[in-house]
Amino acid sequence: MKIARVALDVPLPKLFDYACPEAGERDVGRRVVVPFGNRSLVGIIVAVSAETDVPAEKLRAAGPILDDMPSLSRDWLALARFAAEYYQRPLGEVVHAALPPRLRRPQPLRLATAAYALTEAGRAALPTLPSRARAQRALLERLASGPTSPASLGSPAALRAVIRAGWVGAVPAPRAPFRFVAEHALIAAQAAAVAAITAALDRYQAFLLAGVTGSGKTEVYLHCVAQALARGRQALLLVPEINLTPHLAETLARRFSGARIVTLTSALAANERAEAWLAAHTGGADVVLGTRLAVFAPLPKLGLVVVDEEHDASFKQQEGVRYSARDLAVYRAHAASVPAVLGSATPSLESWAHARSGRYRLLELPERARPGSRLPAVRLVDTRTDRAIDGLSEALAVAIRSRLDRGEQSLVFLNRRGYAPVLVCGACGWTGGCPRCTAHLVLHTADRRLRCHHCGHETAIPRHCPTCGNVALAPFGRGTQRLEETLAARFPGARLLRIDSDSTRAKGRWDAMRGAIVAGEAEILLGTQILAKGHDFPRVTLVGVINADAALVAVDYRGPERLFAQLHQVAGRAGRAQAPGEVLVQTRYPEHPLYQALARHAFAPFAESQLAERRAAGFPPFVHEAVLRAESEDMRHAIAFLQRALAAAPLSQDGIALFDPVPMSLARVAGRERAQVLAQSRSRRALQGFLGEWVQALYGLRSGKVRWHLDVDPIEF
Ligand SMILES: [Zn+2]
Ligand SMILES: [Zn+2]
């Protein structure tokens, strides 16, 4: 009896056995359709065995094995297994999160195949084929002379049979070799970084590429990618935001003429995404560019891994399998014995600590790459003396005016979208809160709505105060829409462009806006963090930062690290071409060490002082953390579940600190109350061992309506 062990997307930490007489070793890594309850699911065969613990009367028969694509490799399955063990999730969940949605459906793919070729097994089988298998033999002989398009292969039935046998597989269409277009000469620091990385192309080494904004990190990546491609390898390039992919994809296409570049993001249509994924899987794609989900792209010829803006929180998945794409990228590089390059102007403290300890090799780009381009001058505007009127200090207003006069662009940064963060009744103190979250409803005047930025709940703006009937309700605080009003009134006739997730929601909007900015069709850009990340706007010479102080008093120990990174990034948009840049930060606390470090572009001293604080307080990266979270309609149920979970924790807790259940800092979201238990250890291995045992006990607990999950290396509290 042949048993297929199948990884299925169900929340149980086990594999599922099915009778599958046709299964063989060659089917490991293939999709199979199986019955589950009264549903039909698609799973991945991870092993084929002769035995099972499932009693014969309960053993069900697997449906068809789908041989519409080459099997997932053992290396890929090992990656999924590592992620499942490290993040404490069932293998089936990880595998399904890693597959593009089109491949999660229990139907065969119908994608055009460019060409077929003999596999090793096919080459070996050809001389042994019995003479009666005439059609198959003819087909293999035809393919023995090289990859062939399906149209010239004749009998579809014979083709299916030889694919099924593992003798023939899809391959990309043959094409000419690529050519790397070197557009810029490298400056010395860039050349040194490229030399160091390319010298390590045949082994594992993690590099931290710490380069100031405008130092040409991308150029370093491109030169290293060119070297990897020249060796016939594939490169994986991860970026934090979908918005960053179109521009980079254009650059890659221009610079690697003849190479196949594919993009993998959640914004792609299902078929496009499946095609890109398969191009990676069959080795047809030379470069895979994508957001965090692309870290799971199967890459049989992986030669280089690059993570740009590695400090960015977007690399951490916040639901389902809560993986860090940056950390998995480093794992992949290690498993494939190739280098990983993590780049940032403001590296994460974790990576910085690794560079200090020698685990990562630090490569620095201390200067801007473009001749004549210098880091912008940062000026702190003390709003205790230069009072901001409608959010705008006189100093910033004067600076914007001078840019308008000179025909240069200004960028005004306010990391809060909407009109105002809250609507307030001046008579009784009522504030518009979300009924489903511990959060205020944000006022959006454009469509006259109050909207929750956490759960999406929205209502019309009330005509009067629901508590006291007062009709004079007033906005409090400032969002981008309100600041847009202010700027329009202060600079009549200036061409303003507001860029936030409201104004860029429609598909293609951001691309159009970026085009308009680069073409100089806007004079004042106003926006949120969308504007801060990695973009190159050569006409921007002034950056104004509004109301960053609010983030100084963050509840989370990562607050200062994030604020510094964000402000440094946005400041870096100023003066990237020849014209010198200037940054004005409005603050009531100009003496604050964070602002002082920012003004001196002093990342390293800032990172050192933060690390010293983290060490003293016992925070990551000096300890390793995981949280067990519980969600329920009722906080008491969530806490009670966590208490039972604590009681069920393994007795051996050497080196593990377990804290009491507490509500999360944003305790209620979308009508669900959220609480958590923090586990800490100085030893990652001890923590992993503990979690592995604990999670087994957790699956055994009755949770009722409480939903729970573990989050390893959490970044949200
Ligand atoms: Zn009132
Ligand atoms: Zn809400």
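Let me sum up the structure you'll find in this document.

Conventions adopted
- Residues numbered from 1 in each chain as written.
- Chains lettered and ligands numbered in written order.
- Predicted model: local features only at pLDDT ≥ 70, side-chain atom pairs only at ≥ 80, totals over all residues.
- Heavy atoms only, no water.
- Core = buried A, V, L, I, M, F, W, Y, C linked by side-chain atoms within 4.5 Å.
- Buried < 20%, exposed > 50% of the residue type's maximum accessible area, 1.4 Å probe, protein only.
- Helix = DSSP H or I, 4+ residues; strand = E, 2+ residues; numbered from the N terminus.
- Contact = heavy atoms within 4.5 Å.
- Donors = N, O, S within 2.8 Å, 3.2 Å for Na, K, Ca; no water.
- Tetrahedral: all angles 85-135°; square planar, octahedral: opposite > 155°, others 65-115°.
- Pairing = 2+ DSSP bridges.
- Salt bridge = Lys/Arg side-chain N within 4 Å of Asp/Glu carboxyl O.
- Polar contact = N/O pair within 3.5 Å; in protein donor to acceptor, adjacent residues only side chain to side chain.
- Axes fitted to C-alpha atoms, helices over the stretch in contact; angles between N-to-C directions.
- Parallel < 35°, antiparallel > 145°, perpendicular 65-115°, else oblique.
- Left-handed = near helix turned anticlockwise from the far one by under 90°.
- Nonpolar A, V, L, I, M, F, W, Y, C, P; charged D, E, K, R; others polar.

### A few points about the nonpolar core
In step 1: Counting 137 residues, the largest nonpolar core has Val288 and Trp694 as its most contacted members.
In step 2: The dominant element in this core, judged by the number of residues it contributes, is helix H1 (residues 74-86), at seven residues.
In step 3: In this view, Trp694 contacts Leu628, Ala645, Leu646, Ala648, Ala649, Pro650, Leu658, Val677 and Leu710; residues no more than four positions away in its chain are not counted.
In step 4: In terms of nonpolar packing, the next biggest core, distinct from the first, is built from 32 residues, Val220, Leu237, Val306 and Leu363 among them.

### Quick look at the coordination of the zinc ion (ligand 2)
In step 1: All of the protein donors around the zinc ion (ligand 2) are Cys434 (SG), Cys437 (SG), Cys452 (SG) and Cys455 (SG); their distances to the metal are 2.2 to 2.4 Å.
In step 2: One can describe the donor arrangement at the zinc ion (ligand 2) as tetrahedral, given that its four donor atoms subtend angles of 106 to 113 degrees at the metal.
In step 3: In the primary structure, the donors to the zinc ion (ligand 2) are separated according to the pattern C-x2-C-x14-C-x2-C. Taken as a pair, Cys434 in the loop between strand S19 (422-425) and strand S20 (442-444) and Cys455 in the loop between strand S21 (449-451) and strand S22 (458-460) lie far apart in primary sequence, 21 residues in all.
In step 4: Of the residues examined, Cys434 reaches a relative accessible area of 5% and is grouped as buried.

### Here we look at the coordination of the zinc ion (ligand 1)
In step 1: At this site the zinc ion (ligand 1) is bound by Cys425 (SG), Cys428 (SG), Cys465 (SG) and Cys468 (SG), with donor distances of 2.3 Å.
In step 2: Around the zinc ion (ligand 1) sit four donor atoms; with metal-centred angles ranging over 104 to 115 degrees, the donor geometry is tetrahedral.
In step 3: Mapping the donors of the zinc ion (ligand 1) onto the primary sequence yields the spacing C-x2-C-x36-C-x2-C. Placement of Cys428 in the loop between S19 and S20 and of Cys468 in the loop between S22 and strand S23 (473-476) is noted, with a sequence separation of 40 residues between them.

### Considerations on the sheet that holds strand S2 (residues 16-19)
Strand pairing in a sheet relies on backbone hydrogen bonds. The paired strands run either parallel or antiparallel.
In step 1: Pairing is antiparallel in the open sheet, where five strands are placed in the order S2-S1-S4-S3-S5. Since the sheet does not close on itself, it has two edges, and those belong to S2 and strand S5 (65-66), each with one partner.
In step 2: Two elements, strand S3 (residues 31-36) and S5, share two bridges in a ladder whose sense is antiparallel. The residue of S5 that forms the bridge with Arg31 is Leu66.

### Observations concerning the pattern of salt bridges
In step 1: Taken as a whole and judged by the stated rule, the model has 43 salt bridges.
In step 2: We note a salt bridge from Arg403 to Glu408, for which the minimum N-O separation is 3.6 Å.
In step 3: The class for Arg403 is buried, based on a relative accessible area of 5%.
In step 4: Residue Glu408 is classed as buried on the basis of its relative accessible area, which comes to 18%.
In step 5: Across the pair Arg505 and Asp502 runs a salt bridge, and its minimum N-O distance is 3.5 Å.
In step 6: Of the residues examined, Arg505 reaches a relative accessible area of 57% and is grouped as exposed.
In step 7: Overall, the relative accessible area of 18% leaves Asp502 in the buried class.
In step 8: Connected through salt bridges with shared partners, the residues Glu22, Asp27, Arg30, Asp67 and Arg164 form a single ionic network.

### Details of the side chain of Ser314
In step 1: Assignment of secondary structure puts Ser314 in the loop between strand S14 (302-308) and helix H10 (325-336).
In step 2: A polar contact is formed between the side chain of Ser314 and the side chain of Asp312, at a distance of 2.7 Å.
In step 3: Apart from residues lying up to four places away in sequence, Ser314 is in contact with Pro240, Glu241, Arg292 and Lys533.

### Things to note about the packing of H1 against H10
In step 1: Contact pair H1 / H10: the axes reach a minimum separation of 11 Å and the direction vectors enclose 135 degrees. One way to sum up the angle between H1 and H10 is to call them oblique. The handedness of the crossing between H1 and H10 is right-handed. Contacts from Ala78, Leu79, Phe82 and Ala83 in H1 reach Leu328, Tyr331 and Arg332 in H10.
In step 2: Of the residues belonging to the contact of H1 with H10, the class tally is six nonpolar, no polar and one charged.

### Structural notes on the environment of Ser357
In step 1: Following the sequence through the fold, Ser357 ends up in helix H11 (residues 349-357).
In step 2: For Ser357, the side chain forms a polar contact with the main-chain oxygen of His354, separated by 3.1 Å.

### A few points about unusual backbone geometry
In step 1: Across the junction of Pro620 and Pro621, the peptide omega takes the value 5 degrees, indicating a cis bond.
In step 2: Even without being a glycine, Glu309 presents a positive backbone phi close to 50 degrees.
In step 3: Tracing the chain through its elements places Glu309 in the loop between S14 and H10.
In step 4: In this model, His601 sits at a positive phi of 55 degrees, which is unusual for a non-glycine residue.
In step 5: Mapped onto the secondary structure, His601 falls in the loop between helix H16 (593-599) and helix H17 (603-617).
In step 6: In this structure His601 comes out as partly exposed when scored by relative accessible area, which is 23%.

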